[in-house]
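Observations on the three-dimensional arrangement
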Amino acid sequence: MWRRSFSTTGETFGQLTKKKWDAVVIGGGHNGLTAAAYLARGGLSVAVLERRHVIGGAAVTEEIVPGFKFSRCSYLQSLLRPCIIRELELGRHGMKLLKRSPSSFTPCLDGRYLLLGPDQQLNHSEISKFSKNDAEAYPRYEKQLERFCGFMDPLLDAPPPESQQGVSSFSDKLSNKMNRSAFWARCLRQAASLGQKDMVDFMDLLLAPASKVLNNWFKSDVLKASLATDAVIGSTASVHTPGSGYVLLHHVMGETDGEHGIWSYVEGGMGSVSMAIANAAKEAGAQIFTNAEVSEVLTEDSSIVKGVLLADGTQVESSVILSNATPYRTFVELVPTNVLPVNFVGAIKNSDYSSATTKINLAVDKLPQFKCCNTNNSSPGPEHFGTIHIGAESMDEVHSACHDSENGLPSRRPVIEMTIPSTLDTTISPPGKHVVNLFIQYTPYKPSDGSWEDPTYREAFAQKCFKLIDEYAPGFSSSIISYDMLTPPDLEREIGLTGGNIFHGAMGLDSLFLMRPVKGWSSYRSPLKGLYLCGSGAHPGGGVMGAPGRNAAHVVLQDLKTIQRQ
């Protein structure tokens, strides 16, 4: 009877327990699947163990409302590393990207609106409605961010230059030192190529609040607010928080089909990204098991991993474990107590997993009609294709929404990013009807005026969001057929995101690069031999990027080669 708790991607459950695997991956999110694909391509036997009935983690498509397919958590694609798309041939495995143009729409209650996108002439015309000087400055702003992204880009596809822990042989120590020296030499060359002025501006971007950066570039409140939402997306930070400026790089980071800074929908929803990676992994020989919850990492003499224990008591053997779970889930909840160093566990516990994000996915019977556009057309218009910014006409409004959350309250006027992927993807909703995604800030994990476990409280907040949209698009509330709502506790319980944090931990400057997940352990390895971290809690961080999975797999393959040489 116990076998019935498992489903697989075609393999029999007996295959999971009949042998010792070269590697086991905990979690079938996109990073875990990416790691599995590269490990299998490297010749290893790999088992992926996913707790839920469906793979993908936060990059998942689910039909919650009959006929409507929701990208329940992540909802846009741009950050997935080009090398992964190319090496795993994700297009051949079913991933189809749908470019958005325009990509941004900000309606205003005074009847104006701002459209932005890849069309530079459109951008100039639209921004000129608010400020001709801003229209002239905007291309220079984007070019500068692109240069900074060019500086950072090589850092994403390789492990940080960590001093390798536990290296004993002289040759390995020398190799590690040479690799670190070569890394820093490349950084110096890149810094020199930028020049001093750009490097100073880059440091200002890294350290300054987003509001300061944007105020130095622009005058228009609507333009600044539209751009500022990039700096606080998925975080608890305000636009005035020091260090929030660097997240503005997301505006131009990533690409779609070679076009930089273009964000796209994925046909079939974000689960199609995970399915394409899974298909590549299976083609290489990896085996994927769903409904296979890991409850413990098994160790030998508290010094080396020997497998995992599933929730039903089944043991799966392997000397290499990669965890796609959050750092907290991995090192505090799955690894037995007293196995890891106290200081390491303390640092993991003290990391910031806070969240103020709620996602609402809706099935609607018609498109929202925005007052400022003076149209009443059932077909999608330019305002429907991109990200629609609701309740953020100035940076002060964004800050006020954050301030409410800091005081323990869901924002009185939430900051909402609305997307309508069904305007470009006809596979996710019935004809004439649409899927609407609402990414909402700010909603504290434990509100001081109620509980997310209270259905009445949840419904009241959802209606607050719908009524705010009604101010810009009258009648939106009446178009709702049904909806699915994920608050921070829901994201933690259903998706496994500690604290509801969509990045597996805050992306502040104190939690990036050599300090992700914690200082001294940025190389995907852990103090427990054979246990690696391959999720967004590792470098380079969150977003549907795949880099942590790819980088971790390469580290594992490198370590196994080193062991074979010894």
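Attention here is on the structure that accompanies the text. (Residues numbered from 1 in each chain as written. Predicted model: local features only at pLDDT ≥ 70, side-chain atom pairs only at ≥ 80, totals over all residues. Heavy atoms only, no water.)

It is worth spelling out the pattern of salt bridges at this point. Oppositely charged side chains may form a pair once their charged atoms are brought near each other. Per the stated rule, a full pass over the model turns up 23 salt bridges. Two residues, Glu 87 and Arg 550, come together in a salt bridge whose shortest N-O distance is 3.1 Å. Here Arg 550 lies in helix H17 (residues 547-565) and Glu 87 lies in helix H3 (residues 82-87), a separation of 463 residues in the sequence. On the basis of relative accessible area, Glu 87 is assigned to the partly exposed category, the value being 24%. Relative accessible area serves as the criterion here: at 10%, Arg 550 is assigned to the buried category. Where Arg 112 meets Asp 110, a salt bridge forms, and the shortest distance between an N and an O atom there is 3.1 Å. (Salt bridge = Lys/Arg side-chain N within 4 Å of Asp/Glu carboxyl O. Helix = DSSP H or I, 4+ residues; strand = E, 2+ residues; numbered from the N terminus. Buried < 20%, exposed > 50% of the residue type's maximum accessible area, 1.4 Å probe, protein only.)

Turning to helix H6 (residues 170-194), a few remarks are in order. It helps to recall that an α-helix has 3.6 residues per turn; residues three or four apart then point in one direction. Along its 25 residues, H6 runs 37 Å from first to last C-alpha, staying within 8% of the 36 Å computed at 1.5 Å per residue. Here H6 has its buried residues at Asp 172, Asn 176, Phe 183, Cys 187, Ala 191 and Leu 194. Among the residues trailing H6, Gly 195 stands out with phi positive, at a value near 95°. (Expected span 1.5 Å × (residues − 1).)

Moving on, we get to helix H2 (residues 30-41). Given a rise of 1.5 Å per residue, 12 residues ought to cover 16 Å, and the 16 Å separating the end C-alpha atoms of H2 matches this to within 8%. Burial within H2 is extensive, with 11 of its 12 residues counted as buried. All buried positions along H2 are accounted for by His 30, Asn 31, Gly 32, Leu 33, Thr 34, Ala 35, Ala 36, Ala 37, Tyr 38, Leu 39 and Ala 40. Taken from the residues just after H2, Gly 43 is the one with a positive phi, measuring 95°.

Here Ser 274 shows up in helix H10 (residues 271-284). Beyond its immediate chain neighbours, meaning those up to four positions away, Ser 274 contacts His 30, Leu 33, Ile 55, Gly 56 and Ala 59. (Contact = heavy atoms within 4.5 Å.)

In contact at an axis separation of 11 Å, helix H5 (residues 132-156) and helix H7 (residues 196-207) are set at 85° when each is read in the N-to-C sense. By the angle class used here, H5 and H7 are roughly perpendicular. Along the contact surface, H5 presents Gln 144, Leu 145, Arg 147, Phe 148, Phe 151 and Met 152, while H7 presents Asp 198, Asp 201, Phe 202 and Leu 205. When the residues that make up the contact of H5 with H7 are grouped by side-chain class, the tally is 6 nonpolar, 1 polar and 3 charged. (Axes fitted to C-alpha atoms, helices over the stretch in contact; angles between N-to-C directions. Parallel < 35°, antiparallel > 145°, perpendicular 65-115°, else oblique. Nonpolar A, V, L, I, M, F, W, Y, C, P; charged D, E, K, R; others polar.)

Right, let's talk about the environment of Val 24 for a bit. Mapped onto the fold, Val 24 is located in strand S2 (residues 23-26). The exposure class of Val 24 is buried, given its relative accessible area of 0%. In sequence terms Val 24 and Val 320 are 296 residues apart; their C-alpha atoms lie 6.4 Å from each other.

Moving on to the packing of aromatic side chains. Between two aromatic rings, the relevant description is the distance of the centres plus the angle of the planes. Enumeration over the complete set of coordinates arrives at 21 aromatic pairs. A centroid spacing of 6.4 Å and a plane angle of 65° characterise the contact between Phe 466 and Phe 476, whose relative ring orientation is edge-to-face. Placement of the pair is Phe 466 in helix H15 (residues 455-472) and Phe 476 in the loop between H15 and strand S21 (480-486), with a sequence separation of 10 residues. A relative accessible area of 1% places Phe 466 in the buried class. Pairwise contacts between aromatic rings join Tyr 138, Tyr 141, Trp 217 and Phe 218 into one cluster. The lysine or arginine in question, Lys 19, covers the ring of Trp 21, its NZ or CZ lying 4.3 Å from the ring centre. One Lys or Arg, Lys 129, reaches over the ring of Tyr 113 and ends 3.8 Å from the middle of that ring. (Phe/Tyr/Trp six-rings, centres within 6.5 Å; stacked < 30°, edge-to-face > 60°. Lys NZ or Arg CZ within 6 Å of the ring centre and 35° of its normal.)

Taken in spatial order, the 3 strands of this open sheet run S13-S14-S15, and their pairing is antiparallel. Across the chains shown, the open sheet's two edge strands, defined by having one partner strand only, are strand S13 (294-300) and strand S15 (315-317). For this sheet, the mean angle separating the axes of adjacent strands, direction not counted, is 30°. For S13 and strand S14 (residues 304-310), the ladder comprises 6 bridges, and the chain directions are antiparallel. Bridge pairing links Leu 298 to Gly 307 in S14. (Pairing = 2+ DSSP bridges.)

The residue after Gln 441, namely Tyr 442, is reached through a cis peptide bond having omega 10°. Among the secondary structure elements, Tyr 442 is positioned in the loop between strand S20 (434-441) and H15. Positive phi values are uncommon outside glycine, yet Asn 291 reaches one of about 55°. Tracing the backbone shows Asn 291 in the loop between strand S12 (287-290) and S13. Non-glycine residue His 504 carries a positive phi angle of around 65°. As for its placement among the helices and strands, His 504 is situated in the loop between helix H16 (488-495) and strand S22 (531-533). Judged by its relative accessible area of 11%, His 504 is buried.

Shape descriptors only; they carry no functional weight alone.
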